[in-house]
Amino acid sequence: MLYILPYYNFMKRTIILLLLAIYSISIRAQINPCSLSIHGKILEASGGKPIEAATVYIKELQKGDHTNATGEFFIYGVCPGNYTLIIQHLHHDPQIEKIDLQKNIQNKIIYLTCHTDTLHQAIVKGSRLHWEDITVKNKLQGDELFLGSGLSLGKALEKINGLTNLSTGNHISKPAIRGLHSNRVLIMNNELRQEGQQWGNEHAPEIDQYIAKEIEVVKGAQTIQYGSDIIGGLILVNPKSMKLIDKPLAEVNMSAFSNGRALAMSTTLEANIKKYKAISWRLQGTYRFAGNGKTPKYYLKNTGMKELNYSAAVGYHKGNLEAELYHSYFTSDLGIFTGSHIGNLSDLYAAFQRDRPLDSAQFTYAIDLPFQQVQHQLSKAKLKVKIANTGSLKVIYGLQKNLRKEFDNTLATKLPDGSYKPALNFNLVTHNYDFNFEHKALKRFEGSFGVNGFYQVNEYYGAYFIPNYQKFTGGFYWVEKWHKKAFSIEGGLRYDVNQFAIQKWEQNVLLNVKHRYKGFATTLAARYQFPFVTVHINVGSAWRAPFVNELYSFGVHHSAASFEIGDRNLVPERNYNSSITIDFNYQKKTDIEFTLFNNYIHNYINLQPQLPATLTIRGAFPTFAYSQTNANFYGAEFSSSTKLYREIKLHVKTNITIAKNISTNEFLVGIPPARMEGDVDIPILKNSKQQLVWNIGASYIGKQTRANPAMDYVQPPADYFLVHGDLTTHFSLSKFPAQCNIGVNNVLNTNYRDYMNRNRYYANETGRNFYIKFRIVNKS
């Protein structure tokens, strides 16, 4: 543990300085004899929805606040007197109110009217784009989340433009943002950095999608508060805030799919305690299962799954104090496609050329060898205190336990009783910490600073793939925003230390190697609002230390069906990211988003195929090796939503990402091909009690021609065209609001292979899939 002492001293000094800064601000606030406060909410005049990022300030004092996600604002330290309260928001008409302040004002409600030429939210099919933000964010919430229910988190996120999936079979998928994934894309699960074995290409996020009330995706150089290693992007999985629970609620979700005969069920219960309204609670549970998937011509053997999850939370919110306890449990059993585990080299190369797997199958729910078993527990304790006339301090502690077992059918793992022990067994424990201080609005500035990071210990049992390690990382950040009329700017600076120690046996000698990395990250974002048009510009630089698997992996990566080789000489990556986004919105009829981006990565760590394949006692496997080069990722994204006639809407999305090895001037392998999607919403019935909408659409995914075929085991698959359609209805069932979605994917039962699915080496994708989804909410 001695290797962590320098970092511990650094963190101790940083936290002391942070607390001293907060204390000094508090002392200055106590000298002020004026102690009255104004608290209220800013809401939409049309529908009563809260308005985030509205400015509320006192003209005479030039002091105020910005509303949070629930529309709330707080102004502290005001003397008694008559004042002019000015409320402004980028896409709403400003409002002026005269107030006579003689005592504290609580729960003041102010309504704003939307401009005639703009929308508060520009809705682009598959995401909800927030125009008021300086950074470009895409959100899935409400109906869009419901339409993606019953799927994995990665599959649900495919609705967002520029986000694809890196898959291994039917049920294992992880999000990739502009061609980057795994350790370069951070997932924040209920304000905690999700820490599992995310380095693996086939290690899907251990998150129940039904937990989320909204999912937010931030692409590029806009994520400095959460870490310096987020080179690809950030995904925020946000449950409903505990302080928004004001009445008892019961919600039931069910989904059924024909392909794999899959079923998903989830229930949520929440309420506050009648005698203690400040205390709220929530319980949630999900069960999912599926059998063998089916392509248009054959079943995929051993591709079933089972998943059981639950979560519980309790919150306290009163006055200036907010506290929360949260715990979630995720467990899944995932079958690994049998056709990807092959005994010898000649059979392996024959499988690459075969149209269908040699091993036939029928439908079954049974999960046989090989398979992976994953458990993930996440616990969180949060405390937030509002300090009068100063700001707010938030402290979060998290504990995560991740257990991953991968089973294989080998003599080495077979026990005397006929059962099998895990071929790979990882046990990861992570302690997260986060101290954040958000200062009050100072004239036109608002911002925050803080310290966050984690300490984790990983142990492995069974065959070697990566060594045991202990990792300690964290850093200090400072982010500020400035706004005036149509112009806003945001800047941030971060300094991180990342160090870990590994232990592994080599030639009967126990090696104990220590690694230490440190560096700065910066970001700058600006937004300007023209009539009908908003322009966002983002630039930034971040860095990422090589991870343990990139340095020390050696052996069969069981569930990925590959042999992987690390490189101990790897050094940290440094990226330089820039993008420009143009948002156009005209009279609630046309919403357009267009983005150009460039992400240059110096010393990019690249996992590439290394020919020929490797033969081991466990079988023959494609070989992949880590190396380092300079790479450039660049491309474009376009999405639009247009009213064609009355309420009929056309939605279009297209994106392309190109990645080149600058050193060799060749294209990188494993980058998603160009993609185009379009669909039409046709309202069939709409009244005060119910509505019915028909949606029909298609997707075209091109062939990845920007990759050297000689650098991979199999040629990139051909381009393909998919058609889908569904009916969605809102109605009341025994006076309770309900929603139902019935549809079919791959209507034409197209036979195809997905370039971003590792199993494309051996088999086709699943065929036609009918589904039905249902949700009912009982709110007292």
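The structure presented is a predicted model; accordingly, all values stated were derived computationally and were not measured.

Helices and strands together make up the secondary structure of the chain, namely five helices and 43 strands. The C-alpha atoms of the chain give a radius of gyration of 27 Å, which matches the 28 Å a tight globule of 780 residues would have. Buried positions account for 57% of the 780 residues belonging to the chain. Considering only contacts in the chain between residues 6 or more positions apart, those separated by 24 or more positions represent 67%. Only carbon and sulfur atoms are counted for the fraction: they give 59% of the accessible area of the chain, which is about 32,900 Å². In the chain, 85 side chains carry a positive charge and 62 a negative one; their mean positions are 4 Å apart.

Further remarks concern empty space enclosed by the protein. Tallied over the entire structure, the rule returns 15 cavities of 30 Å³ or more. Counted as a void, the largest cavity has a volume near 540 Å³. Around the largest cavity, the lining is made up of 34 residues, and of these Leu 166, His 181, Asn 201, Leu 607 and Arg 758 lie nearest the centre. Of all elements in the fold, only β11 (163-167), α5 (548-552), β33 (590-609) and β36 (623-645) reach the threshold of two or more residues within the lining of the largest cavity. Among the elements that make up the lining of the largest cavity, the one with the highest residue count is β33 (six residues). For the lining of the largest cavity, the class distribution of residues is 15 nonpolar, twelve polar and seven charged. Counted as a void, the second largest cavity has a volume near 350 Å³. Ser 182, Asn 183, Val 185, Gln 194 and Gln 198 are the residues nearest the centre of the second largest cavity, which is lined by 29 residues in total. Among the secondary structure elements, those contributing two or more residues to the lining of the second largest cavity are β12 (173-177), β13 (185-189), β25 (445-462) and β27 (487-506). Considered class by class, the residues forming the lining of the second largest cavity number eleven nonpolar, ten polar and eight charged.

On to the sheet that holds strand β4 (residues 72-78), then. The strand order across the open sheet formed by three strands is β4-β1-β7, and the pairing between neighbours is mixed. Taken across any chain shown, the strands that pair with only one partner, and hence form the sheet edges, are β4 and β7 (105-112). In this sheet, adjacent strand axes meet at a mean angle of 25° when their direction is disregarded. Pairing between strand β1 (residues 36-44) and β7: six bridges, direction parallel. From the neighbouring strand, Lys 41 faces β7, where its bridge partner is Ile 109.

Before going further, it helps to examine the pattern of salt bridges. Evaluated as defined, the whole model comprises 28 salt bridges. Residue Lys 137 is joined to Glu 216 by a salt bridge in which the shortest nitrogen-to-oxygen separation is 3.5 Å. Placement of Lys 137 in strand β10 (residues 137-141) and of Glu 216 in strand β15 (residues 214-219) is noted, with a sequence separation of 79 residues between them. The class for Glu 216 is buried, based on a relative accessible area of 6%. Note that Lys 301 is salt-bridged to Asp 359, the shortest N-O span being 3.1 Å. Taken together, the residues span a long stretch of sequence, with Lys 301 in the loop between β19 (276-290) and β20 (305-318) and Asp 359 in the loop between α4 (345-353) and β22 (371-387) at a distance of 58 residues.

One finds Leu 348, Phe 352, Ile 466, Tyr 469, Val 548, Tyr 761 and Tyr 762 to be the most contacted residues of the largest nonpolar core, which totals 35 residues. Those elements that place two or more of their residues in this core are α4, β24 (424-442), β27, α5, β33 and β36. In this structure, Ile 466 is in contact with Gln 197, Trp 199, Phe 426, Asn 458, Tyr 460, Val 548, Asn 549 and Ser 553, ignoring residues within four places of it in sequence. Counting residues in each nonpolar core, the second largest holds 17 residues, with Ile 38, Ile 51, Ile 75 and Tyr 83 among its members.

This paragraph deals with the pairing of β20. Side-chain positions along a regular strand alternate between the two faces of the sheet. Inspection of the sheet shows β19 paired to β20 by twelve bridges, in the antiparallel sense. In the sheet register, Phe 289 faces β20, and the bridge partner there is Lys 306. Examined bridge by bridge, β20 and strand β21 (residues 321-335) share 14 bridges and lie antiparallel to one another. When the bridges of β21 are listed, His 317 appears paired with Glu 322.

What follows covers a nonpolar patch on the surface. There is a patch of nonpolar side chains on the surface, built from Leu 524, Ile 537, Val 539, Ile 580, Ile 582, Phe 594 and Leu 596 and spanning about 530 Å² of accessible area. For the nonpolar patch, the secondary structure elements donating two or more residues are β29 (533-544), β32 (573-586) and β33. By relative accessible area, Ile 582 is classed as partly exposed at 37%.

Overall, the coordinates contain 31 aromatic pairs when judged by the stated rule. Between Tyr 299 and Phe 363, the aromatic rings sit 6.3 Å apart at their centres with planes inclined by 55°, giving tilted as the arrangement. In this pair, Tyr 299 sits in the loop between β19 and β20 while Phe 363 sits in the loop between α4 and β22, placing the two residues 64 residues apart along the sequence. Phe 363 matches Tyr 299 in its accessibility class, with the two residues each being buried. Among the aromatic residues, those joined into a ring-pair cluster are Tyr 349, Phe 352, Phe 624, Tyr 713, Tyr 761 and Tyr 762. In this structure, Lys 660 is placed above the aromatic ring of Phe 667, and the distance from its NZ or CZ to the ring centre is 5.2 Å. Over the ring of Tyr 771 we find Lys 773, and its NZ or CZ is 5.1 Å from the ring centre.

On to the environment of Ala 278. The topology assignment puts Ala 278 in strand β19. Judged by its relative accessible area of 18%, Ala 278 falls in the buried class. Once the C-alpha coordinates of Ala 278 and Ile 466 are considered, the two residues, 188 residues apart in sequence, prove to be 47 Å apart. Other than its neighbours up to four places away in sequence, Ala 278 contacts Gly 315, Tyr 316, His 317 and Lys 318.

Another point: α4. Of the positions making up α4, those classed as buried are Leu 348, Ala 351 and Phe 352. Looking straight down α4, one finds its buried side chains confined to an arc of 105°; they lie on one side. Those residues of α4 that are exposed and aimed more than 90 degrees away from the buried face are Ser 346 and Gln 353. Considering only its buried residues, α4 is in contact with β35 (619-621).

Right, let's talk about the environment of Leu 140 for a bit. By the secondary structure assignment, Leu 140 is in strand β10. Along the chain, Leu 140 and Trp 505 lie 365 residues apart, while their C-alpha atoms are 47 Å from each other.

Moving on: the side chain of Glu 214. On the secondary structure map, Glu 214 appears in strand β15. Residue class for Glu 214 comes out buried when judged on its relative accessible area of 18%. With residues near it in sequence (within four places) discarded, Glu 214 still touches Lys 139, Leu 140, Gln 141, Leu 145, Leu 236, Val 237 and Asn 238.

Glancing now at the environment of Asp 434. The residue Asp 434 is located in strand β24 in this model. In this structure, the C-alpha to C-alpha distance between Asp 434 and Asn 68, residues 366 residues apart in sequence, is 20 Å. Sequence-distant contacts of Asp 434, that is, excluding residues within four places in its chain, are made with Lys 394, Val 395, Ile 396, Val 451, Asn 452 and Tyr 477.

Calculation notes
Residues numbered from 1 in each chain as written. Predicted model: local features only at pLDDT ≥ 70, side-chain atom pairs only at ≥ 80, totals over all residues. Heavy atoms only, no water. Helix = DSSP H or I, 4+ residues; strand = E, 2+ residues; numbered from the N terminus. Rg over C-alpha atoms; globule rule 2.2 N^0.38 Å. Buried < 20%, exposed > 50% of the residue type's maximum accessible area, 1.4 Å probe, protein only. Contact = heavy atoms within 4.5 Å. Areas by Shrake-Rupley, 256 points an atom, 1.4 Å probe, with all protein chains shown as cover. Lys, Arg positive; Asp, Glu negative; His and termini not counted. Charge placed at Lys NZ, Arg CZ, Asp CG, Glu CD. 1 Å grid on protein atoms, 1.4 Å probe; cavity = no way out; pocket = protein on both sides within 12 Å on 5 of 7 lines; lining within 4 Å. Points joined across faces, edges and corners; volume = space filled by probe spheres on them. Nonpolar A, V, L, I, M, F, W, Y, C, P; charged D, E, K, R; others polar. Pairing = 2+ DSSP bridges. Axes fitted to C-alpha atoms, helices over the stretch in contact; angles between N-to-C directions. Salt bridge = Lys/Arg side-chain N within 4 Å of Asp/Glu carboxyl O. Core = buried A, V, L, I, M, F, W, Y, C linked by side-chain atoms within 4.5 Å. Patch = residues over 30% accessible without salt bridge, like charges linked within 9 Å, V, L, I, M, F, W, Y side chains within 5 Å. Phe/Tyr/Trp six-rings, centres within 6.5 Å; stacked < 30°, edge-to-face > 60°. Lys NZ or Arg CZ within 6 Å of the ring centre and 35° of its normal. Arc of directions from axis to C-beta.

These figures capture arrangement, not role.
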